[in-house]
Amino acid sequence: MLKGEGVILLLSSTDRPFYPGLTYLSDDSHRERIHPLVKLVMLLGFGLSSFALSSTRGQIFLFALLLVSYLRSGLGGALFLRRLRFILIFGFLIFLIQALALKEGIRLWYVSLGPLHLSVWSGGLDNGLTTMLGFINIIGSSFVFVAATDPNRLAYALMQIGLPYRFGFALITSLRFIPIFQLELQQVRNAQQAKGIDLEGLSPKQLLHAVRYLLLPLVISALSRVDSLTISMEGRAFGLYSTRTYLTAQALTRTDKIAILLVPLFFLGTYYFFAFHLRW
């Protein structure tokens, strides 16, 4: 057994079923051949560009890149709509609020409903679209990164470039426990429904009482898993050595190094182009 490897394998020894929500989707497609650090640099560049750009055209361009990344990663447009349905709805609500609240530019639409007066102005429409796309771009890029990046490979790559392996283990643990807790939450809800406990149509007081029966099993399960993990770490003397060995090496190829240098330049050029040359 390699130093430090036993505790990591404890979390990844089980099969990888398909869990809903944020989880890694194992596949043999093109996304598996991209180095995790290249994906991380792409995520940071894309996210910072989405956060900094106030141009509608720039956000549309980034949204098009996001859709292309979903298709190139083998995730597909149907998965994009299904997984980000709530995010898309919330983004549309942001668009409506901005379009109705901000009164700048040219008035495009007006209606009077008694004491209520609603109007849509060009400035509000533009700002709402920009804010909505920026929100969707940031959340969507984070999802495609999690879905297309093996957490073990990402943690190993970060540790091999200098990240202390204790922090890498914390990263793997958090990413591994997300789908597990989602599955257990669904199992608890199914058990409650089988016993006739329904969380829909309850008063606020009844809802708080019912949520207690939902959270208590999850807290007990989490504490039990943490206790088992702690015993395993102590039994394997985790943290005894300042360095550790690795089952697989995540070496950066020449192409990966070039990509890490070019990706920030690409997003910097994108920001400069849309921020200073195309103002719309």
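Computed from a prediction, not measured in an experiment: that's the story for all the values here. (Residues numbered from 1 in each chain as written. Predicted model: local features only at pLDDT ≥ 70, side-chain atom pairs only at ≥ 80, totals over all residues. Heavy atoms only, no water.)

**Q** I would appreciate a short explanation of the overall build of the chain in the present structure.
**A** Of the regular secondary structure elements, the chain holds ten helices and two strands. Reading the helices (α) and strands (β) of the chain from amino to carboxyl end gives α-α-α-α-α-β-β-α-α-α-α-α. Going through the 280 residues of the chain one by one, you find that 34% of them count as buried. In the chain, once contacts between residues fewer than 6 apart in sequence are set aside, the share between residues at least 24 apart is 74%. Split by element, the accessible area of the chain, about 16,900 Å² in all, is 68% carbon and sulfur. (Helix = DSSP H or I, 4+ residues; strand = E, 2+ residues; numbered from the N terminus. Buried < 20%, exposed > 50% of the residue type's maximum accessible area, 1.4 Å probe, protein only. Contact = heavy atoms within 4.5 Å. Areas by Shrake-Rupley, 256 points an atom, 1.4 Å probe, with all protein chains shown as cover.)

**Q** So what exactly am I meant to see when it comes to the confidence of the model for the chain here?
**A** Low-pLDDT stretches of the model should not have their predicted coordinates read in fine detail. Averaged over every residue, the pLDDT of the chain is 79; the share at 70 or more is 82%. Looking over the chain, one finds the lowest element-wise mean pLDDT in helix H1 (residues 5-12), namely 42, and the highest in helix H2 (residues 36-52), namely 93. (pLDDT = per-residue confidence, 0-100.)

**Q** Just to check I follow, could you spell out helix H7 (residues 151-160) for this structure?
**A** Think of an α-helix as 3.6 residues a turn; residues three or four steps apart then line up on the same face. Of all ten residues in H7, eight are buried, a share of seventy percent or more. Buried residues of H7: Pro151, Asn152, Leu154, Ala155, Tyr156, Ala157, Leu158 and Met159, and no others. Looking at where H7 begins, the residue whose side-chain oxygen comes 3.1 Å from the main-chain nitrogen of asparagine 152 is aspartate 150. Just downstream of H7 lies glycine 162, where phi reads positive at about 130°. (Polar contact = N/O pair within 3.5 Å; in protein donor to acceptor, adjacent residues only side chain to side chain.)

**Q** Mind showing me how you'd approach the side chain of serine 49 here?
**A** One can find serine 49 in helix H2. Dropping the residues within four chain positions of it, serine 49 is found in contact with Leu62 and Phe267.

**Q** How should helix H10 (residues 254-276) be read in this particular structure?
**A** The first and last C-alpha atoms of H10 sit 33 Å apart over 23 residues, in line with the 33 Å expected at 1.5 Å per residue. Among the residues of H10, those classed as buried are Asp256, Val263, Phe267, Thr270, Phe274 and Ala275. Its buried side turned inward, H10 meets H2 and helix H3 (56-72). (Expected span 1.5 Å × (residues − 1).)

**Q** Would you mind going over the packing of aromatic side chains with me for this structure?
**A** Aromatic ring pairs: the centre-centre distance and the angle between the two ring planes describe each pair. Per the counting criterion, the structure on display carries ten aromatic pairs. Each ring, one from tyrosine 70 and one from phenylalanine 143, has its centre 6.1 Å from the other, and the planes form 15°; the classification is stacked. In this pair, tyrosine 70 sits in helix H3 while phenylalanine 143 sits in helix H6 (residues 122-148), placing the two residues 73 residues apart along the sequence. Judged by its relative accessible area of 4%, phenylalanine 143 is buried. With centroids separated by 5.5 Å and ring planes inclined at 50°, the aromatic side chains of phenylalanine 90 and phenylalanine 135 adopt a geometry described as tilted. Linking phenylalanine 90 in helix H5 (residues 85-101) with phenylalanine 135 in helix H6, this pair joins segments that are 45 residues apart in sequence. Taking the relative accessible area as the measure of exposure, phenylalanine 135 reaches 23% and is therefore partly exposed. Through successive ring pairs, a cluster of aromatic residues spans Phe46, Phe266 and Phe267. (Phe/Tyr/Trp six-rings, centres within 6.5 Å; stacked < 30°, edge-to-face > 60°.)

**Q** Please clarify how the packing of H2 against H10 should be interpreted in this entry.
**A** For any two helices packed against each other, one specifies the inter-axial angle together with the distance between the axes. The contact between H2 and H10 brings their axes to 9 Å, and the two run at 5°. The orientation of H2 relative to H10 falls into the category roughly parallel. Here Leu37, Val38, Val41, Met42, Gly45, Phe46, Ser49 and Ala52 of H2 come into contact with H10, specifically with Asp256, Ala259, Ile260, Val263, Pro264, Phe267 and Tyr271. (Axes fitted to C-alpha atoms, helices over the stretch in contact; angles between N-to-C directions. Parallel < 35°, antiparallel > 145°, perpendicular 65-115°, else oblique.)

**Q** Even after reading the chapter, I still don't get the packing of H2 against H6, so can you show me in this structure?
**A** Closest axis-to-axis distance for the H2/H6 pair is 9 Å, and the angle between their directions is 170°. Here H6 runs roughly antiparallel to H2, going by the angle between their axes. Between H2 and H6, the residues in contact are Pro36, Lys39, Leu40, Leu43, Phe46, Gly47, Ser50 and Phe51 and Gly134, Asn137, Ile138, Ser141, Ser142, Phe145 and Ala148, respectively. For the contact of H2 with H6, the per-class residue count stands at eight nonpolar, six polar and one charged. (Nonpolar A, V, L, I, M, F, W, Y, C, P; charged D, E, K, R; others polar.)

**Q** Explanation requested: a nonpolar patch on the surface in the structure shown.
**A** Residues Phe86, Ile89, Phe90, Phe92, Leu93 and Leu96 make up a contiguous nonpolar surface patch of roughly 600 Å² in combined accessible area. Mapped onto the elements of the fold, phenylalanine 86 is located in helix H5. For phenylalanine 86, a relative accessible area of 61% puts it in the exposed group. (Patch = residues over 30% accessible without salt bridge, like charges linked within 9 Å, V, L, I, M, F, W, Y side chains within 5 Å. Salt bridge = Lys/Arg side-chain N within 4 Å of Asp/Glu carboxyl O.)

**Q** For this particular structure, what's the right way to read the environment of leucine 247?
**A** Topologically, leucine 247 is positioned in the loop between helix H9 (204-235) and H10. Along the chain, leucine 247 and tyrosine 156 lie 91 residues apart, while their C-alpha atoms are 9.4 Å from each other.

**Q** Whenever I open this one, the pairing of strand E2 (residues 116-121) confuses me. Can you help?
**A** Regular strands show a simple pattern: their side chains alternate between the two faces of the sheet. Bridge count between strand E1 (residues 107-113) and E2: six bridges; the pairing is antiparallel. Bridged to arginine 107 within E2 is tryptophan 121. Once E1 ends, the chain turns through two residues before running back antiparallel as E2, passing glycine 114 with a positive phi of about 70°. (Pairing = 2+ DSSP bridges.)

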